[in-house]
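# Per-entry structural report
Chain by chain, the residues:
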Number of protein chains: 2
Amino acid sequence: MDLHERILAANDGAARHNREHFDEHGVLAVNLMGSPGSGKTALLEATAHASADYGFKLAALSGDLATDHDGERLRAAGIPAATITTGSACHLDAAMVHRALHDLNWRNGNMLFIENVGNLVCPAIYDLGQAANIVALAVTEGEDKPLKYPVMFRAADLVLLTKVDLLPHLPDVSVASIEDALGRVMPNPRLIVVSARTGQGMQEWMSWLKKKLPSLGSPAIVA
Amino acid sequence: MDLHERILAANDGAARHNREHFDEHGVLAVNLMGSPGSGKTALLEATAHASADYGFKLAALSGDLATDHDGERLRAAGIPAATITTGSACHLDAAMVHRALHDLNWRNGNMLFIENVGNLVCPAIYDLGQAANIVALAVTEGEDKPLKYPVMFRAADLVLLTKVDLLPHLPDVSVASIEDALGRVMPNPRLIVVSARTGQGMQEWMSWLKKKLPSLGSPAIVA
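What counts, and at which threshold
- Each chain carries its own residue numbering, running from 1 in the written order of its sequence.
- To label them, take the chains in the order written and letter them from A, then take the ligands in the order written and number them from 1.
- For this predicted model, a pLDDT threshold of at least 70 governs which residues receive local features, and a threshold of 80 or more governs which side-chain atom pairs are given and counted, while totals over whole chains, interfaces and linings are taken from all residues.
- Only hydrogens and water are set aside when side-chain values are computed; all heavy atoms of the structure are taken into account.
- Throughout, a contact is declared for two residues whenever any of their heavy atoms are within 4.5 Å.
- Note on definitions: buried area is the accessible-area loss of two parts on being combined, 1.4 Å probe, summed for both.
- Any carboxyl oxygen of Asp or Glu that lies within 4 Å of a side-chain nitrogen of Lys or Arg is treated as forming a salt bridge with it.
- Polar contact is the term for a pair of N or O atoms within 3.5 Å; when the atoms are in protein, one must be able to donate a hydrogen and the other to accept it, and sequence-neighboring residues count only if both atoms are side-chain atoms.
- Secondary structure elements follow DSSP: runs of H or I no shorter than four residues count as helices, runs of E no shorter than two count as strands, and numbering proceeds from the N terminus.
- We superpose the copies by least squares over the C-alpha atoms of residues that have a pLDDT of at least 70 in both of them.
- Here's how the labels work: a residue is buried when its accessible area is under 20% of the maximum for its type, exposed when over 50%, partly exposed in between, all with a 1.4 Å probe on protein chains only.
- This arc corresponds to the set of directions leading from the helix axis out to the C-beta atoms.

## Examining the interface of chain A and chain B
Listed as interface residues are 35 residues of chain A and, on the opposing side, 35 residues of chain B. Roughly 2800 Å² of surface becomes buried between chain A and chain B when both sides are summed, with 63% attributable to carbon and sulfur atoms. Contact with chain B buries area across many residues of chain A, yet P36, K148 and H169 of chain A alone supply 20% of it, more than any other trio. Between the two partners, chain A and chain B, sit 4 salt bridges. Taken together, chain A and chain B are joined by 9 residue pairs in polar contact (both at pLDDT 80 or more). Sorting the residues of the side of chain A that touches chain B by element identifies α3 (69–76), α5 (145–148) and α6 (150–154) of chain A as the ones contributing at least two each. Among the elements that take part in the side of chain A that touches chain B, α5 of chain A stands out by supplying 3 residues, more than any other.

## Re the relation of the copies chain A and chain B
Mapping chain A onto chain B calls for a rotation angle of 180° and an axial translation of 0.0 Å; the resulting RMSD is 0.0 Å. Taken together, the rotation angle and the small translation identify this as a two-fold axis. When the interface residues of chain A are mapped onto chain B, 100% of them again fall at the interface, so both copies present the same face.

## Points about α3 of chain A
All buried positions along α3 of chain A are accounted for by D70, G71 and L74 of chain A. Down the axis of α3 of chain A, the smallest arc covering the buried residues is 100°, so these residues share one side. Buried residues along α3 of chain A sit in contact with α2 (40–50), β2 (58–64), β3 (81–85) and β4 (111–115) of chain A together with α5 (145–148) of chain B. Of the residues trailing α3 of chain A, G78 of chain A is marked for its positive phi of about 90°.

Scope: geometric values only; no functional claims are made or implied.
Listed below in structure tokens is the structure:
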């Protein structure tokens with residue numbers, strides 16, 4: 001086993017431990033990934049504003065190289081949130097998440113969002129103990145990203161195509177082409193088209209989450 | 001010296017070797033970095049179209065996890081280009097660049113663009129032998145990216161703020177705020193506002209490059 005394999009094996013052990021915690025407390029853990037500026041935090045803000053109607057009680061961990069900006073935005077939106085500062089590390093790992101859980105009142109809720117470092121490569125490789133992987137992809141990033149960053153999209157349970165309010169100003173981008181690219185890399189292609197600004201697609205996104213909730217939805221999560 | 005330091009030390013040796021090659025042939029090597037979808041390839045296409053007027057003779061290496069899409073686009077724009085396929089690696093290193101140089105007719109030109117893997121973290125840490133680090137930051141990524149990804153912006157000689165034709169549709173983004181954020185992290189803040197679509201800022205960008213050219217401009221490059 002080489003060094004990289006040893007690191008991943010140790011991470012998998014820590015992720016299993018996190019997953020047991022989440023299952024034990026009936027909390028749906030979601031790993032939210034995407035490029036810098038793909039709209040992850042804005043999506044969580046919009047999710048927070050709609051969550052009471054769906055019976056969601058959220059908490060969040062936010063990974064960042066520097067600053068607590070996203071954590072501040074999430075707390076302002078009413079989500080208990082702690083920041084994981086990674087320095088120069090380009091992804092979260094399961095041990096970082098485990099340590100940060102001690103600083104957060106997540107057991108009282110039913111949903112934990114782990115907002116990963118903005119990066120379309122490495123975060124996909126490190127299991128954090130989540131029940132679902134979500135990738136936020138902004139329409140402004142262009143049509144070919146699923147084919148160029150297949151590792152991330154192969155691991156995704158759902159892709160949220162964000163900032164779709166900008167589509168009328170992007171003559172070179174079509175949703176159909178993005179769907180076609182996702183169909184080539186995702187084992188079970190699933191796309192929801194959203195805009196945190198206009199609210200488009202939020203109902204579909206919230207319904208997707210509700211079905212995943214262990215305590216409220218069906219079918220039950222199998223970890 | 002730990003493992004990471006040993007990897008970086010080996011990379012620095014290979015980068016020095018690349019730099020000697022570039023200097024010997026009077027070629028300006030530029031490391032072009034930025035998030036996925038920040039407009040790196042579109043910028044190089046626009047640069048290629050304007051290059052004859054400035055006496056630039058370009059070649060390019062393009063780093064990608066998968067696909068030769070960017071290489072194809074660059075060759076279609078008239079730039080001799082080779083692709084470095086990284087698999088799951090989230091950045092280029094100096095040895096990858098050195099190997100790829102054998103597949104490319106770069107010695108006949110005076111400028112080599114190395115388009116790095118789309119990632120706002122790791123590429124900044126690996127010297128490739130370049131004379132200049134350029135970061136493409138799309139206005140659609142939001143105002144706070146320099147503060148959240150300081151490692152990348154600290155290493156930048158120039159930031160190109162791309163896709164500025166979309167600014168009228170982004171009520172939450174101002175160029176002044178981005179300039180302010182860059183001023184907090186870049187040792188010598190330098191920003192050029194461009195749009196590959198409308199041509200805005202291209203003249204300023206081409207003039208910046210021309211000043212860096214060892215054979216044409218002044219002051220001379222000191223590697």
